[in-house]
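# Examining the three-dimensional arrangement
The chain contents come next:
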Amino acid sequence: MLNFLPKPLIGILSFLGLILNTLIWMVPIHFFALFKLIPSKTLRHKLDVMLPSFAEHWISGNQIWMKLTQKTHWDVEGDQELNRKGWYLVNSNHKSWVDILVMQKIFNRRIPLLKFFAKEVLKYLPFFGTAWWSLDYPFMKRYSKEYLKKHPEKKGKDIETTKRLCKKYSLTPTSVGNFLEGTRFTQAKHDKQQSPFKHLLKPKAGGIAFALNVMGEKFQSMLDVTIVYPDGTPSFWDFMCGKMRNVTVRIRQLQIPERFLHGDYQNDPAFREDFQQWVNDLWQDKDELIERLLNQCSRSIQPKVACAS
(Lines give C-alpha, C1' and ligand atoms only; values in the text may rest on other atoms or scores of the structure.)
Protein backbone atom coordinates (compact mmCIF):
# COMPACT_ATOMS: atom_id res chain seq x y z
CA MET A 1 0.00 0.00 0.00
CA LEU A 2 2.81 2.41 0.89
CA ASN A 3 5.38 0.88 -1.45
CA PHE A 4 5.18 3.85 -3.82
CA LEU A 5 7.00 6.01 -1.26
CA PRO A 6 10.78 6.57 -1.42
CA LYS A 7 12.64 3.52 -0.11
CA PRO A 8 14.35 5.32 2.81
CA LEU A 9 10.99 6.62 3.99
CA ILE A 10 9.50 3.12 3.75
CA GLY A 11 12.42 1.89 5.86
CA ILE A 12 11.76 4.50 8.53
CA LEU A 13 8.03 3.71 8.60
CA SER A 14 8.74 -0.03 8.81
CA PHE A 15 11.22 0.52 11.61
CA LEU A 16 8.72 2.67 13.53
CA GLY A 17 6.07 -0.03 13.03
CA LEU A 18 8.44 -2.67 14.38
CA ILE A 19 9.37 -0.54 17.40
CA LEU A 20 5.75 0.34 18.21
CA ASN A 21 4.57 -3.25 17.87
CA THR A 22 7.49 -4.46 20.00
CA LEU A 23 6.79 -1.95 22.78
CA ILE A 24 3.11 -2.94 22.83
CA TRP A 25 3.82 -6.65 23.34
CA MET A 26 7.04 -6.42 25.34
CA VAL A 27 5.13 -4.89 28.26
CA PRO A 28 2.91 -7.93 29.01
CA ILE A 29 5.72 -10.37 28.17
CA HIS A 30 8.10 -8.74 30.67
CA PHE A 31 5.39 -8.27 33.28
CA PHE A 32 4.30 -11.91 33.32
CA ALA A 33 7.91 -13.10 32.97
CA LEU A 34 8.49 -11.86 36.52
CA PHE A 35 6.12 -14.55 37.78
CA LYS A 36 8.43 -17.22 36.37
CA LEU A 37 10.67 -16.52 39.34
CA ILE A 38 7.99 -17.97 41.63
CA PRO A 39 8.72 -21.68 42.27
CA SER A 40 5.29 -23.04 41.37
CA LYS A 41 4.91 -25.78 38.72
CA THR A 42 1.23 -24.95 38.17
CA LEU A 43 1.98 -21.26 37.64
CA ARG A 44 4.92 -22.02 35.38
CA HIS A 45 2.77 -24.28 33.21
CA LYS A 46 0.16 -21.52 32.79
CA LEU A 47 2.88 -19.03 31.90
CA ASP A 48 4.35 -21.47 29.37
CA VAL A 49 1.00 -21.30 27.55
CA MET A 50 0.35 -17.57 28.02
CA LEU A 51 3.73 -16.08 27.09
CA PRO A 52 3.98 -17.71 23.63
CA SER A 53 0.52 -16.34 22.81
CA PHE A 54 1.85 -12.81 23.40
CA ALA A 55 4.76 -13.57 21.07
CA GLU A 56 2.34 -14.81 18.40
CA HIS A 57 0.41 -11.52 18.69
CA TRP A 58 3.73 -9.70 18.22
CA ILE A 59 4.40 -11.68 15.03
CA SER A 60 0.88 -10.89 13.77
CA GLY A 61 1.49 -7.21 14.50
CA ASN A 62 4.68 -7.33 12.44
CA GLN A 63 2.71 -8.73 9.53
CA ILE A 64 0.47 -5.64 9.60
CA TRP A 65 3.30 -3.18 8.97
CA MET A 66 4.85 -5.63 6.51
CA LYS A 67 1.65 -5.63 4.44
CA LEU A 68 1.55 -1.82 4.52
CA THR A 69 5.16 -1.29 3.46
CA GLN A 70 6.20 -4.39 1.49
CA LYS A 71 5.28 -5.51 -1.99
CA THR A 72 6.79 -8.96 -1.92
CA HIS A 73 5.75 -11.98 -3.95
CA TRP A 74 5.71 -15.04 -1.67
CA ASP A 75 6.20 -18.36 -3.43
CA VAL A 76 5.62 -20.95 -0.72
CA GLU A 77 5.03 -24.66 -1.16
CA GLY A 78 4.74 -27.57 1.27
CA ASP A 79 3.10 -25.73 4.16
CA GLN A 80 -0.03 -27.87 4.23
CA GLU A 81 -1.08 -30.29 6.95
CA LEU A 82 0.64 -28.50 9.80
CA ASN A 83 -0.55 -29.04 13.36
CA ARG A 84 -0.51 -26.23 15.90
CA LYS A 85 -0.61 -28.78 18.72
CA GLY A 86 2.23 -30.89 17.44
CA TRP A 87 5.96 -31.09 18.10
CA TYR A 88 8.30 -30.13 15.26
CA LEU A 89 12.02 -30.01 14.70
CA VAL A 90 12.47 -27.18 12.17
CA ASN A 91 15.64 -26.88 10.14
CA SER A 92 16.55 -24.20 7.59
CA ASN A 93 19.41 -22.76 5.60
CA HIS A 94 20.50 -19.31 6.76
CA LYS A 95 21.19 -16.40 4.41
CA SER A 96 20.01 -13.30 6.27
CA TRP A 97 18.39 -12.04 9.47
CA VAL A 98 15.32 -11.73 7.25
CA ASP A 99 15.08 -15.55 7.35
CA ILE A 100 13.60 -15.33 10.85
CA LEU A 101 10.83 -12.94 9.75
CA VAL A 102 10.12 -15.18 6.76
CA MET A 103 9.75 -18.27 8.94
CA GLN A 104 7.66 -16.44 11.52
CA LYS A 105 5.24 -15.24 8.83
CA ILE A 106 4.88 -18.71 7.33
CA PHE A 107 4.50 -20.68 10.55
CA ASN A 108 2.77 -18.27 12.94
CA ARG A 109 -0.23 -19.98 14.58
CA ARG A 110 0.18 -22.96 12.26
CA ILE A 111 2.71 -24.72 14.45
CA PRO A 112 3.75 -23.96 18.05
CA LEU A 113 5.88 -20.83 18.47
CA LEU A 114 9.31 -21.36 16.95
CA LYS A 115 12.12 -21.38 19.50
CA PHE A 116 15.51 -21.00 17.87
CA PHE A 117 18.87 -22.12 19.18
CA ALA A 118 20.55 -18.76 19.85
CA LYS A 119 24.04 -17.61 20.74
CA GLU A 120 24.36 -16.79 24.43
CA VAL A 121 25.46 -13.23 23.68
CA LEU A 122 21.93 -12.51 22.39
CA LYS A 123 20.63 -13.05 25.92
CA TYR A 124 21.97 -9.60 26.83
CA LEU A 125 20.15 -7.66 24.10
CA PRO A 126 17.88 -5.00 25.64
CA PHE A 127 14.23 -6.11 25.83
CA PHE A 128 14.65 -9.01 23.41
CA GLY A 129 17.09 -10.95 25.57
CA THR A 130 14.71 -10.99 28.53
CA ALA A 131 11.77 -11.84 26.27
CA TRP A 132 13.64 -14.78 24.72
CA TRP A 133 14.59 -15.98 28.20
CA SER A 134 10.96 -15.83 29.33
CA LEU A 135 9.97 -17.84 26.23
CA ASP A 136 12.60 -20.49 27.05
CA TYR A 137 14.75 -19.99 23.99
CA PRO A 138 17.82 -22.28 24.18
CA PHE A 139 20.92 -20.09 24.50
CA MET A 140 24.09 -21.87 23.45
CA LYS A 141 27.65 -20.90 24.32
CA ARG A 142 30.32 -22.41 22.15
CA TYR A 143 33.88 -22.75 23.41
CA SER A 144 36.96 -23.00 21.24
CA LYS A 145 39.19 -26.06 21.46
CA GLU A 146 41.92 -23.85 22.92
CA TYR A 147 39.61 -22.55 25.65
CA LEU A 148 38.44 -26.07 26.57
CA LYS A 149 42.04 -27.20 26.95
CA LYS A 150 42.52 -24.51 29.60
CA HIS A 151 39.05 -24.95 31.13
CA PRO A 152 38.05 -28.62 30.74
CA GLU A 153 35.26 -28.14 33.29
CA LYS A 154 33.33 -26.18 30.65
CA LYS A 155 33.16 -29.15 28.28
CA GLY A 156 29.60 -30.31 27.73
CA LYS A 157 27.94 -27.25 29.33
CA ASP A 158 26.08 -26.39 26.12
CA ILE A 159 24.87 -29.98 25.93
CA GLU A 160 23.53 -29.81 29.47
CA THR A 161 21.62 -26.61 28.59
CA THR A 162 20.09 -28.22 25.51
CA LYS A 163 19.01 -31.33 27.40
CA ARG A 164 17.52 -29.35 30.29
CA LEU A 165 15.39 -27.18 28.01
CA CYS A 166 14.37 -30.02 25.72
CA LYS A 167 13.04 -31.97 28.69
CA LYS A 168 10.81 -29.00 29.42
CA TYR A 169 9.73 -28.77 25.79
CA SER A 170 8.43 -32.33 25.98
CA LEU A 171 5.65 -31.16 28.35
CA THR A 172 3.90 -28.76 25.95
CA PRO A 173 3.70 -28.63 22.11
CA THR A 174 6.89 -27.01 20.87
CA SER A 175 8.71 -26.19 17.65
CA VAL A 176 12.48 -26.19 18.00
CA GLY A 177 14.13 -24.21 15.20
CA ASN A 178 17.73 -24.49 14.18
CA PHE A 179 19.98 -23.07 11.48
CA LEU A 180 22.31 -26.01 10.94
CA GLU A 181 25.00 -23.84 9.39
CA GLY A 182 25.35 -22.05 12.73
CA THR A 183 25.83 -18.66 11.05
CA ARG A 184 24.65 -16.71 8.02
CA PHE A 185 26.01 -17.79 4.65
CA THR A 186 28.58 -15.53 2.99
CA GLN A 187 30.92 -16.38 0.18
CA ALA A 188 33.89 -15.56 2.40
CA LYS A 189 32.75 -18.06 5.05
CA HIS A 190 32.03 -20.60 2.33
CA ASP A 191 35.53 -20.26 0.89
CA LYS A 192 37.18 -20.37 4.29
CA GLN A 193 35.35 -23.58 5.17
CA GLN A 194 36.00 -25.07 1.74
CA SER A 195 32.38 -26.20 1.91
CA PRO A 196 31.53 -29.05 -0.47
CA PHE A 197 28.14 -27.42 -1.11
CA LYS A 198 27.62 -24.68 -3.68
CA HIS A 199 25.00 -22.63 -1.80
CA LEU A 200 25.46 -23.76 1.81
CA LEU A 201 27.98 -23.81 4.61
CA LYS A 202 28.86 -27.09 6.29
CA PRO A 203 26.05 -28.24 8.64
CA LYS A 204 26.59 -28.60 12.38
CA ALA A 205 24.60 -31.62 13.50
CA GLY A 206 25.24 -31.58 17.26
CA GLY A 207 22.35 -29.33 18.32
CA ILE A 208 19.56 -31.31 16.68
CA ALA A 209 21.20 -34.60 17.68
CA PHE A 210 20.96 -33.61 21.34
CA ALA A 211 17.37 -32.41 20.90
CA LEU A 212 16.45 -35.77 19.38
CA ASN A 213 18.27 -37.61 22.15
CA VAL A 214 16.08 -35.98 24.80
CA MET A 215 12.69 -35.73 23.11
CA GLY A 216 12.98 -37.50 19.77
CA GLU A 217 9.79 -39.51 20.20
CA LYS A 218 7.83 -36.28 20.71
CA PHE A 219 8.75 -34.83 17.33
CA GLN A 220 6.14 -35.95 14.82
CA SER A 221 8.37 -34.85 11.95
CA MET A 222 11.16 -32.57 10.83
CA LEU A 223 10.19 -29.51 8.82
CA ASP A 224 13.04 -29.02 6.37
CA VAL A 225 12.82 -25.41 5.16
CA THR A 226 14.67 -24.02 2.16
CA ILE A 227 14.68 -20.24 1.67
CA VAL A 228 15.79 -18.63 -1.60
CA TYR A 229 15.94 -14.92 -2.48
CA PRO A 230 15.82 -14.87 -6.32
CA ASP A 231 16.82 -11.18 -6.53
CA GLY A 232 19.78 -11.55 -4.17
CA THR A 233 20.05 -11.89 -0.42
CA PRO A 234 18.45 -8.86 1.29
CA SER A 235 19.93 -7.20 4.33
CA PHE A 236 17.59 -6.41 7.19
CA TRP A 237 17.51 -2.76 6.11
CA ASP A 238 16.80 -3.77 2.50
CA PHE A 239 13.78 -5.67 3.78
CA MET A 240 12.60 -2.75 5.90
CA CYS A 241 12.86 -0.48 2.84
CA GLY A 242 10.65 -2.81 0.80
CA LYS A 243 13.43 -3.92 -1.53
CA MET A 244 12.72 -7.65 -1.18
CA ARG A 245 10.60 -8.28 -4.26
CA ASN A 246 10.53 -12.08 -4.21
CA VAL A 247 11.08 -14.89 -1.73
CA THR A 248 10.79 -18.58 -2.48
CA VAL A 249 10.25 -21.10 0.31
CA ARG A 250 10.00 -24.87 0.07
CA ILE A 251 8.98 -26.97 3.07
CA ARG A 252 9.37 -30.74 3.37
CA GLN A 253 7.94 -32.79 6.20
CA LEU A 254 10.41 -35.59 6.82
CA GLN A 255 10.08 -38.58 9.06
CA ILE A 256 13.02 -38.78 11.45
CA PRO A 257 14.67 -42.22 11.25
CA GLU A 258 13.93 -44.15 14.42
CA ARG A 259 17.59 -45.02 14.92
CA PHE A 260 18.35 -41.32 15.54
CA LEU A 261 15.79 -40.74 18.29
CA HIS A 262 17.91 -41.70 21.30
CA GLY A 263 21.50 -42.17 20.16
CA ASP A 264 24.54 -40.85 22.03
CA TYR A 265 25.99 -38.30 19.63
CA GLN A 266 28.71 -37.22 22.03
CA ASN A 267 30.13 -40.59 23.05
CA ASP A 268 29.22 -43.02 20.27
CA PRO A 269 31.50 -42.49 17.22
CA ALA A 270 29.52 -44.90 15.01
CA PHE A 271 26.24 -43.14 15.80
CA ARG A 272 27.82 -39.72 15.29
CA GLU A 273 29.18 -40.73 11.88
CA ASP A 274 25.81 -42.18 10.82
CA PHE A 275 23.95 -39.08 11.99
CA GLN A 276 26.36 -36.72 10.27
CA GLN A 277 25.96 -38.66 7.03
CA TRP A 278 22.17 -38.35 7.27
CA VAL A 279 22.47 -34.59 7.80
CA ASN A 280 24.96 -34.25 4.94
CA ASP A 281 22.54 -36.10 2.65
CA LEU A 282 19.77 -33.66 3.65
CA TRP A 283 22.15 -30.81 2.94
CA GLN A 284 23.06 -32.19 -0.47
CA ASP A 285 19.37 -32.39 -1.38
CA LYS A 286 18.86 -28.82 -0.16
CA ASP A 287 21.85 -27.56 -2.15
CA GLU A 288 20.49 -29.14 -5.33
CA LEU A 289 17.02 -27.71 -4.64
CA ILE A 290 18.45 -24.20 -4.24
CA GLU A 291 20.30 -24.60 -7.54
CA ARG A 292 17.10 -25.68 -9.32
CA LEU A 293 15.08 -22.80 -7.88
CA LEU A 294 17.70 -20.24 -8.88
CA ASN A 295 17.93 -21.71 -12.38
CA GLN A 296 14.16 -21.54 -12.76
CA CYS A 297 14.32 -17.86 -11.91
CA SER A 298 17.21 -17.12 -14.24
CA ARG A 299 15.36 -18.78 -17.14
CA SER A 300 12.27 -16.64 -16.63
CA ILE A 301 11.40 -14.76 -19.78
CA GLN A 302 9.70 -12.04 -17.71
CA PRO A 303 12.32 -10.97 -15.18
CA LYS A 304 10.17 -8.18 -13.83
CA VAL A 305 7.45 -10.62 -12.83
CA ALA A 306 7.77 -12.51 -9.54
CA CYS A 307 9.56 -15.76 -10.19
CA ALA A 308 7.65 -18.85 -9.12
CA SER A 309 8.13 -22.51 -9.87
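Quantities reported herein were computed from a predicted structural model and do not represent experimental measurements. (Residues numbered from 1 in each chain as written. Predicted model: local features only at pLDDT ≥ 70, side-chain atom pairs only at ≥ 80, totals over all residues. Heavy atoms only, no water.)

## With respect to the side chain of N62
In plain terms, the rule: In this text, helices come from DSSP runs of H or I with a minimum length of four residues, and strands from runs of E with a minimum of two, each type numbered from the N-terminal end. Whether two residues are in contact is decided by their heavy atoms: any pair within 4.5 Å suffices.
Locating N62 in the fold gives a position in helix 2 (residues 41-69). Non-local contacts of N62, meaning those with residues more than four positions away in its chain, are made with L18 and N21.

## Observations regarding helix 8 (residues 206-215)
Operational definition: In this scheme, a residue with accessible area under 20% of its type's maximum is buried, one over 50% is exposed, and one in between is partly exposed, where area comes from a 1.4 Å probe on protein chains only.
When you tally the buried positions in helix 8, you get eight out of 10 residues, the bulk of the element. Considered for burial, the residues of helix 8 that qualify are G206, G207, I208, A209, F210, A211, L212 and M215.

## Concerning the nonpolar core
The line we're drawing: Here, the term nonpolar core denotes a set of buried Ala, Val, Leu, Ile, Met, Phe, Trp, Tyr and Cys residues that are joined through side-chain atoms within 4.5 Å.
Grouped together as the largest cluster of nonpolar side chains are 41 residues, with contacts concentrated most on V90, M103 and F107. Counting residues per element, the ones that place at least two in this core are helix 1 (7-33), helix 2, strand 2 (88-92), helix 3 (98-107), strand 3 (114-116), strand 7 (221-228), helix 9 (236-240) and strand 8 (246-254). With eight residues, the single largest contributor to this core is helix 2. In contact with M103, not counting residues within four places along its chain, are V90, S92, L114, F116, F179, V225 and I227.

## Points about the packing of aromatic side chains
Where we set the bar: For Phe, Tyr and Trp, rings pair up if their centres lie within 6.5 Å, where Trp contributes its six-membered ring, and each pair is then called stacked (planes under 30 degrees apart), edge-to-face (over 60) or tilted (otherwise).
The tally for this structure, following the rule as stated, stands at 14 aromatic pairs. Pairing F271 with F275 gives two aromatic rings, centres 6.0 Å apart and planes at 25 degrees, and the pair type is stacked. Of this pair, F271 and F275 both sit in helix 10 (residues 269-298), four residues apart, roughly one helical turn. Residue classification places F275 among the buried positions, given a relative accessible area of 0%. Ring-pair connections join several aromatic residues into one group, and the members of that group are W25, F31, F32, F35 and F54.

## A look at the pairing of strand 2
Applicable threshold: Here, a strand pair is defined by DSSP locating no fewer than two bridges between the strands.
For strand 2, a buried count of five out of five residues is recorded, marking the element as mostly surrounded by other parts of the structure. Residues of strand 2 alternate between two faces, with Y88, V90 and S92 on one and L89 and N91 on the opposite face, all of them buried. Both strand 2 and strand 6 (residues 175-179) contribute to a ladder of five bridges, which runs parallel. Along strand 6, the bridge assignment pairs S92 with F179. Relative to strand 7, strand 2 runs parallel, the two sharing five bridges. When the bridges of strand 7 are listed, N91 appears paired with D224.

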